[in-house]
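Spelled out, the chains give:
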Amino acid sequence: MTLQKVGRSLYSASEITNLDMDPHVRSAYEDCLELLDHSVDLLTNSLTSAAFGGELSSSIQDVLTCLSAALTNQDTCTEGFDELNGDVKHQMSDRFIILTERMVLSVLFGLRYLSLNAIL
């Protein structure tokens, strides 16, 4: 369920695609969407594979590594807007906060699921 919310946050970030943007802003924005899409795929794949097999400690480490990569992608995305101004930068910044919260919650729920199933 939480991964769906992460996906919706990414979709929310893509809703401003049709805004008029300076070429530099457009480039930063498109790079950002690509990085965020990659992050969602990373988290989805790592949580799915962890849930369906593998050693618990290895699965947890893989999920945490993917979370780290996703957060790094988000930092890279934010840095792409550092030298830019305007509405797109502010809108994306607001969406980053929500997306970060949802990514972390997604991983926490996934880790809880893994640990509960390892005990049973």
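From a predicted model like this one, the values you see are computed outputs, not experimental measurements. Every chain's residues receive numbers from 1 upward, in the order its sequence appears when written. Only residues with pLDDT of at least 70 get local features here, since the model is predicted, and only at 80 or more are side-chain atom pairs given and counted; chain-wide, interface and lining totals rely on the full set of residues. Excluding hydrogens and water, the side-chain figures rest on all heavy atoms present in the structure.

K.L.:
I'm lost on the side chain of Gln74 in this one. Help?
P.N.:
Starting at the N terminus, helices and strands are each numbered in turn, a helix being any DSSP run of H or I of at least four residues and a strand any DSSP run of E of at least two. For Gln74, the position within the fold is in helix H3 (residues 56-80). Type-normalised accessible area, obtained with a 1.4 Å probe on protein chains alone, sets the label of each residue: buried when under 20%, exposed when over 50%, and partly exposed for intermediate values. Under the relative-accessibility criterion, Gln74 is labelled buried at 4%. Excluding residues within four positions of it along the chain, Gln74 makes contact with Leu36, Phe96, Leu99, Thr100 and Met103. Throughout, a residue-residue contact means that at least one pair of heavy atoms, one from each residue, lies within 4.5 Å.

K.L.:
Can you walk me through helix H2 (residues 23-51) in this structure?
P.N.:
The periodicity of an α-helix, 3.6 residues per turn, causes residues three or four positions apart to be oriented the same way. Here, expected helix span is obtained from the residue count minus one, scaled by 1.5 Å. If you check H2, its first and last C-alpha atoms are 42 Å apart, about what 29 residues at 1.5 Å a residue would give, namely 42 Å. Looking only at H2, the buried set comprises Val25, Ala28, Tyr29, Cys32, Leu33, Leu36, Ser39, Val40, Leu43, Ser46, Leu47 and Ala50. Among the residues of H2, the N-terminal cap falls to Asp22, whose side-chain oxygen and the backbone nitrogen of His24 are separated by 2.7 Å. Whenever a nitrogen or oxygen atom comes within 3.5 Å of another N or O atom, the pair is scored as a polar contact, on the condition that within protein one atom can donate a hydrogen and the other can accept it, and that pairs from neighbouring residues in sequence are kept only if both atoms are in side chains.

K.L.:
It is not clear to me how the nonpolar core should be interpreted in this structure. Could you clarify?
P.N.:
Judged by nonpolar contacts, the single largest core of 30 residues is most densely connected at Tyr29, Phe81, Val88 and Met92. If you list the elements that add at least two residues to this core, you get helix H1 (2-14), H2, H3 and helix H4 (87-119). Tallying contributions element by element places H2 first for this core, with 10 residues. If sequence neighbours within four positions are ignored, Tyr29 has contacts with Ala13, Ser14, Glu15, Ile16, Thr17, Met21, Phe81, Val88 and Met92. Put simply, a nonpolar core is a bunch of buried Ala, Val, Leu, Ile, Met, Phe, Trp, Tyr and Cys residues held in one set by side-chain atoms that sit within 4.5 Å of each other.

K.L.:
Quick question: what am I supposed to make of a negative patch on the surface here?
P.N.:
Like charges are joined within 9 Å and nonpolar side chains (Val, Leu, Ile, Met, Phe, Trp, Tyr) within 5 Å, but only among residues with over 30% relative accessible area and no salt bridge; these make up the patches. For the accessible areas, the method is Shrake-Rupley and the probe is 1.4 Å, while residue cover comes only from the protein chains on display. Between Lys or Arg on one side and Asp or Glu on the other, a salt bridge is scored when a side-chain nitrogen of the former is within 4 Å of a carboxyl oxygen of the latter. Charge assignment: positive for Lys and Arg, negative for Asp and Glu; neither His nor the chain ends contribute. For this purpose, a charge sits on NZ of Lys, CZ of Arg, CG of Asp or CD of Glu. On the surface, Glu30, Asp31, Glu34, Asp37 and Asp41 cluster together into a negatively charged patch. Of note, Glu30 is situated in helix H2. Judged by its relative accessible area of 45%, Glu30 is partly exposed.

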